[in-house]
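# Coordinates in review
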Amino acid sequence: MVVEFAFRLPEEPDERAWLVLSGRGSGDDVSACRVHPGYEVDVWVGADLAETHRLVAGTTTLAAARRAGHLHLHGDPDLVAAFPTWFAWRTPHDTR
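Now for a look at the structure at hand. In this numbering scheme, every chain counts its residues from 1 along its sequence in written order. Per-residue local features are limited, in this predicted model, to residues with pLDDT of at least 70; the limit for side-chain atom pairs, both in listing and counting, is 80 or more; totals at the level of whole chains, interfaces and linings are taken over all residues. Heavy atoms throughout the structure, all of them, feed into the side-chain values; hydrogens and water do not.

## Concerning the packing of aromatic side chains
Note on ring pairs: Phe, Tyr and Trp rings are taken, using the six-membered ring of Trp, and paired if centres are within 6.5 Å. Classes follow the plane angle, with under 30 degrees stacked, over 60 edge-to-face and the rest tilted. For the structure on display, the rule yields three aromatic pairs. Ring centres of F5 and F7 lie 5.7 Å apart, and the angle between their planes is 10 degrees; this geometry places the pair in the stacked category. Like F5, the residue F7 is buried in the burial classification. Considering the side-chain rings of F83 and W86, the 5.5 Å spacing of their centres and the 65 degrees angle between planes classify their relative orientation as edge-to-face. Exposed residues in this analysis have more than 50% of their type's maximum accessible area, buried residues have under 20%, and partly exposed residues fall in between, with area computed by a 1.4 Å probe over protein chains only. Classification of W86 by relative accessible area gives partly exposed; the value is 24%. Through a chain of ring-to-ring contacts, three or more aromatic side chains come together here, namely F83, W86 and F87.

## With respect to the pattern of salt bridges
Whenever Lys or Arg places a side-chain nitrogen within 4 Å of a carboxyl oxygen from Asp or Glu, that contact is recorded as a salt bridge. Summed over all chains, the structure comprises three salt bridges. Taking the shortest distance from any N to any O, the salt bridge between R34 and E15 comes out at 3.2 Å. Of this pair, R34 sits in the loop between strand 3 (29-33) and strand 4 (43-48) while E15 sits in strand 2 (residues 15-22), and the two are 19 residues apart along the sequence. The exposed category is assigned to R34, whose relative accessible area is 62%. In DSSP terms, a helix is any run of H or I states spanning at least four residues, a strand is any run of E spanning at least two, and both are numbered starting from the N terminus.

Right, here's the structure in full:
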């Protein structure tokens, strides 16, 4: 499965990156690519880079970023619905 990220930067072209996920279960392999990996993209993520930083840092949530229009998901509806479960998101309530 391939996820393409387009990070929006103020007054700059989008910065793109890809994750290639293969395997099933706890032995999944994930590769991060700065160049298109050559596979068909399954899920597209458009996101404001600053909001993505807040999401990874745990100061916002995926749902809040989507509601505010800072993050958009496109692709197969089943994959888009599953996307939030693919990562160990930190939440604003997480104190680790």
